[in-house]
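Structural overview for review
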Amino acid sequence: MTDTAPLPLAGMARAELDRFVAAIGRRRTLVPHVYVGEPGAERVLVSTEPTVDPQETCWRADLVERAVEGAERAVCGWITRSGELRAGDHDLAWWAACRSGFERHGLALPAFFLMNRHGWLDLVSGAEVHYHRIRRR
């Protein structure tokens with residue numbers, strides 16, 4: 001385990017990770033889901049598209065902007081997916097969209113998490129947490 005995000009974001013990320021692992025069960029391959037809101041609590045599903053078109057940058061930012069408007073508390077953004085905790089093109093495109101969408105509301109994006117069944121990576125701070133096995137509480 002490396003440095004963690006400042007609490008309460010680290011606790012929120014753990015709560016969301018618990019929710020995610022419970023929902024996916026034993027499935028190995030997952031379509032990425034992009035969310036905005038409060039991890040582990042109120043959230044708005046922004047996208048379930050497995051790939052991104054580089055020319056749709058403004059469209060993604062518009063989706064995030066509307067999700068921030070619709071969220072009770074727009075704390076941060078995150079992606080749940082399978083694969084390694086390394087940022088790929090899809091992740092980076094949504095991270096940029098979240099920064100832009102939050103900025104349109106005059107908000108800073110404090111965290112953007114990549115989550116898989118083994119942990120999370122915050123692209124904003126670089127904090128990364130790995131768990132050997134997530135168990136339902």
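As shown above, the structure is provided for reference.
Residues numbered from 1 in each chain as written. Predicted model: local features only at pLDDT ≥ 70, side-chain atom pairs only at ≥ 80, totals over all residues. Heavy atoms only, no water.

Regular strands place their side chains on alternate faces of the sheet. Across the two faces of strand S5 (residues 119-122) the burial is the same, with Gly119 and Leu121 and Trp120 and Asp122 all buried. Here strand S4 (residues 112-116) folds back onto S5, and the loop between the two strands holds 2 residues. With 3 bridges joining them, S5 and strand S6 (residues 128-130) adopt antiparallel strand pairing. In the sheet register, glycine 119 faces S6, and the bridge partner there is histidine 130. Counting the residues that bridge the hairpin from S5 to S6 gives 5 residues, and of these glycine 126 lies at a positive phi of roughly 85 degrees. (Buried < 20%, exposed > 50% of the residue type's maximum accessible area, 1.4 Å probe, protein only. Helix = DSSP H or I, 4+ residues; strand = E, 2+ residues; numbered from the N terminus. Pairing = 2+ DSSP bridges.)

The tally for this structure, following the rule as stated, stands at 3 aromatic pairs. Look at tyrosine 35 and tryptophan 78: their rings are 5.5 Å apart centre to centre, the planes differ by 25 degrees, and that puts the pair in the stacked class. Within this pair, whereas tyrosine 35 is found in strand S1 (residues 33-37), its partner tryptophan 78 is found in strand S3 (residues 76-80), the two being separated by 43 residues in sequence. Neither tyrosine 35 nor tryptophan 78 differs from the other in exposure class; each is buried. (Phe/Tyr/Trp six-rings, centres within 6.5 Å; stacked < 30°, edge-to-face > 60°.)

Spatially, S2-S1-S3-S4-S5-S6 is the arrangement adopted by the 6 strands of the open sheet, whose pairing is mixed. The sheet is open, and its two borders are formed by strand S2 (43-47) and S6, each paired with just one other strand. Averaged over all neighbouring strand pairs, the angle between strand axes comes to 20 degrees, with direction disregarded. Sheet analysis places S1 next to S3, joined by 5 bridges and oriented antiparallel. From the neighbouring strand, valine 34 faces S3, where its bridge partner is isoleucine 79. On the sheet, helix H1 (residues 9-24) packs against S2, S3, S4 and S5 and is oriented at approximately 35 degrees with respect to S4. Against the sheet, helix H2 (residues 57-70) contacts S1 and S2, and its axis sits at roughly 165 degrees relative to S2. (Axes fitted to C-alpha atoms, helices over the stretch in contact; angles between N-to-C directions. Contact = heavy atoms within 4.5 Å.)

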